[in-house]
Amino acid sequence: MTVIALAAARRRVPLAAGVCLLSFTAFWIAQRAAGVSMIDLMVYRAEGETVRAGGDLYALRATEALLPTTYPPFAALLFTPLTLLSTPDMRTAATLGNLLLLLAFVRLSLRLIGDERHARVESALWVSALAVWCEPVWTTLRYGQINLLLAVLVLWDLTRRPGDRCAGVGIGIAAAIKLTPALFAVLLLLTGAVQAVRRDAWQPAVRHACVAAASFAGATLLAAAALPYDSWRFWTRMVFEAGRVGFAEDTANQSLRGVLARLLHSGEPGGAWILSAAVVGALGLAVAVAAALRGERARAALACAATALLVSPVSWSHHWVWCVPMVLLLGTEAVRRGGRAPWAVAGAAALAFCSYALWWVPHGTGRLELAQNYGQMTLSGLYVVTAFGFLLGQAVTLWRTSRTA
């Protein structure tokens, strides 16, 4: 029977591969028909050119939109190979690379949520064929962003076998490219600290966090050696200037700060954001640590990802590629528990990220977001509301199961 099942599975893989290829091809055609600029990719290339020319990285203003450099200097070092390609070749390579990263991201997500059976190639192909159309993934490829690369680095780490000496390198490198993934190292460290207090085996989690910290430090020091002036400027000044990225109230900013800016009709929510970010950060990390202590690494990782995106000063809609494993987890729970409510929750989360509803409201030049009404604010804060619901749902689930246990 096992041989027959394996043979049947192998026959299904070509079908899944064909559907996935067809979906990716349609996606590619749709992106080209929409005239995507891949503007962030052009900024990355400009950063690489500035590094090669020995220019001032944080004085750079690239493209017609005059976009600044916002990532740490280590990222700019990684972008230098882009200068070796022509613009058409670079865009093609970036699109192909992101599509391959999507396949890897989906497979790692399935491995995080279940066992190897759920992470088989066939499942990854079917899910990828659908996931490429959700708004965060679409926008990631539209702008030529690196969100999928960072997510793959983090999940590669979190799906390592216990005791793997390389576990932590991915999180450290991802944090050196962009600071947000550093919260995963904080999660590991907090988990180890609680395990030490409870006299459990705390060494694996702490070692994981230390490897991540060492990897981050190594990459950052490498950038400091190659770009001392830019490194000094970034770590002493630019890292604190969230306003350089763009207006807080921008509809694309799907973070607490963005929602509060629109809610308060203010370009800078100030103390309200700091207080809410502290509360949400504490709640989210508490849920993540509680899940990690119970060995539920998918809940822990996704609670941490949602928390990082919520408390970050700016979380553009394309940063929310973590919606893919989030919806997969909710769908898996619906299959396991049965009933209408879990399926409704999973369906609502999928709809939130696939509806493109945040773009149905007034947005664009003229700071139109500051005049949104409550209905429009709800749509433009859809990802934040969904992430809140996810965190609260996971907290309730953990509480209920702990009581049952």
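What counts as what
- Here, residues in each chain are numbered from 1, in the same order as that chain's written sequence.
- The predicted origin of the model limits local features to residues at a pLDDT of at least 70 and limits the giving and counting of side-chain atom pairs to 80 or more, whereas totals for whole chains, interfaces and linings rest on all residues.
- Where side-chain values are given, they derive from all heavy atoms of the structure, hydrogens and water being excluded.
- Only DSSP runs of H or I with at least four residues qualify as helices, and only runs of E with at least two residues qualify as strands; both kinds are numbered from the N terminus onward.
- With C-alpha atoms as the basis for the radius of gyration, the globule rule is written as 2.2 Å multiplied by the number of residues raised to the power 0.38.
- For every residue, the accessible area obtained with a 1.4 Å probe (protein chains only) is divided by the maximum for its type, and the residue is called buried under 20%, exposed over 50%, and partly exposed between those limits.
- Scored between 0 and 100, pLDDT is the confidence that the predictor attaches to each residue.
- By the convention used here, residues are in contact when the closest approach between their heavy atoms is within 4.5 Å.
- Basic side-chain nitrogens of Lys or Arg form a salt bridge, by our definition, when they fall within 4 Å of a carboxyl oxygen of Asp or Glu.
- Only buried residues count toward a nonpolar core. Its members are Ala, Val, Leu, Ile, Met, Phe, Trp, Tyr and Cys residues joined through side-chain atoms within 4.5 Å.
- Sulfur atoms of two cysteines make up a disulfide when they are within 2.5 Å.
- Note on method: axes are straight lines fitted to C-alpha atoms, helices fitted across the in-contact stretch only, with angles between N-to-C directions ranging 0 to 180 degrees.
- Each angle receives one of four descriptions, namely roughly parallel if under 35 degrees, roughly antiparallel if over 145, roughly perpendicular if within 65 to 115, and oblique otherwise.
- Left-handed describes a crossing in which the near helix is turned anticlockwise from the far one by less than a right angle; the clockwise case is right-handed.
- All amino acids are sorted into three groups, where Ala, Val, Leu, Ile, Met, Phe, Trp, Tyr, Cys and Pro are nonpolar, Asp, Glu, Lys and Arg are charged, and the leftover types, Gly among them, are polar.
- To estimate the expected span of a helix, subtract one from its residue number and multiply by 1.5 Å.
- Any residue with relative accessible area above 30% and no salt bridge may belong to a patch, with like charges joined within 9 Å and the nonpolar Val, Leu, Ile, Met, Phe, Trp and Tyr side chains within 5 Å.
- Only the protein chains shown count as cover for residues, and all accessible areas are computed by the Shrake-Rupley method using a 1.4 Å probe.

**Some remarks on the overall build of the chain**
Phase 1 of the analysis: Of the regular secondary structure elements, the chain holds 18 helices and two strands.
Phase 2 of the analysis: A globule of 405 residues ought to have a C-alpha radius of gyration of about 22 Å, and the chain, at 21 Å, matches this closely.
Phase 3 of the analysis: Taken over the C-alpha atoms alone, the chain extends approximately 65 × 50 × 50 Å along its principal axes.
Phase 4 of the analysis: Per-residue burial for the chain yields a buried fraction of 49% across its 405 residues.

**As for the confidence of the model for the chain**
Phase 1 of the analysis: Predicted confidence across the chain gives a mean pLDDT of 90, with 95% of residues reaching 70 or more.
Phase 2 of the analysis: Long-range and interchain partners of residues 1-6, a stretch whose pLDDT sits below 50, account for zero contacts in this model, where long-range means more than four residues apart.

**Observations regarding the side chain of Ser231**
Phase 1 of the analysis: Along the chain, the position of Ser231 falls in helix H11 (residues 228-236).
Phase 2 of the analysis: A relative accessible area of 6% means that Ser231 is categorised as buried.
Phase 3 of the analysis: Those residues in contact with Ser231, other than ones at most four positions away along the chain, are Pro73, Ala223 and Ala224.

**Observations regarding the pattern of salt bridges**
Phase 1 of the analysis: Counted under the stated rule, the structure contains 10 salt bridges.
Phase 2 of the analysis: Between Arg237 and Glu241 there is a salt bridge whose closest N-O contact spans 3.0 Å.
Phase 3 of the analysis: Take Arg237: its relative accessible area is 45%, and that puts it in the partly exposed class.
Phase 4 of the analysis: Here Glu241 falls in the partly exposed class, since its relative accessible area comes to 29%.
Phase 5 of the analysis: Salt bridges linked by common partners bring Arg294, Glu296, Arg299 and Glu333 together as one network.

**A closer look at the nonpolar core**
Phase 1 of the analysis: Grouped together as the largest cluster of nonpolar side chains are 97 residues, with contacts concentrated most on Phe105, Phe184, Trp322 and Val324.
Phase 2 of the analysis: Looking at which element gives the most residues to this core, the answer is helix H14 (residues 297-311), with 11 residues.
Phase 3 of the analysis: Once residues within four sequence positions are removed from consideration, Val324 is found in contact with Phe105, Val106, Ala131, Cys134 and Val137.

**So, the state of the cysteines**
Phase 1 of the analysis: Under the counting rule described, the total for this entry stands at zero disulfides.
Phase 2 of the analysis: There is no disulfide at Cys20, and the cysteine sulfur nearest it, in Cys134, is 13 Å away.
Phase 3 of the analysis: Looking at Cys354, it has no disulfide partner, and the nearest cysteine sulfur is the one in Cys134, 5.2 Å off.
Phase 4 of the analysis: Judged by relative accessible area, which is 41%, Cys354 ranks as partly exposed.

**A look at the packing of helix H15 (residues 323-337) against helix H16 (residues 340-354)**
Phase 1 of the analysis: Running from N to C, H15 and H16 point in directions that differ by 165°, and their axes come no closer than 8 Å. Classified by the interaxial angle, the pair formed by H15 and H16 is roughly antiparallel. In the crossing of H15 with H16, the sense of the turn from one axis to the other is left-handed. Contact with H15, carried on its side by Cys323, Met326, Val327, Leu330, Gly331, Ala334, Val335 and Arg337, involves Pro342, Trp343, Val345, Ala346, Ala349, Ala350 and Phe353 of H16 and no other residues of that element.
Phase 2 of the analysis: Classifying every residue of the contact of H15 with H16 by side-chain character gives 13 nonpolar, one polar and one charged.

**Overview of helix H7 (residues 147-158)**
Phase 1 of the analysis: Given a rise of 1.5 Å per residue, 12 residues ought to cover 16 Å, and the 17 Å separating the end C-alpha atoms of H7 matches this to within 8%.
Phase 2 of the analysis: Counting buried positions along H7 yields nine of 12 residues, so the element is predominantly enclosed.
Phase 3 of the analysis: Residues of H7 that are buried include every one of Asn147, Leu148, Leu150, Ala151, Val152, Val154, Leu155, Asp157 and Leu158, and no others.
Phase 4 of the analysis: The inward-facing, buried residues of H7 abut helix H4 (87-113), helix H6 (135-143), helix H8 (169-177), helix H9 (182-197), helix H10 (203-226) and H14.

**So, a nonpolar patch on the surface**
Phase 1 of the analysis: A cluster of nonpolar residues, Leu263, Leu264 and Tyr374, forms a patch on the protein surface that exposes about 330 Å² of accessible area.
Phase 2 of the analysis: Mapped onto the elements of the fold, Leu264 is located in the loop between helix H12 (256-263) and helix H13 (271-293).
Phase 3 of the analysis: Among the residues examined, Leu264 registers a relative accessible area of 44% and is labelled partly exposed.

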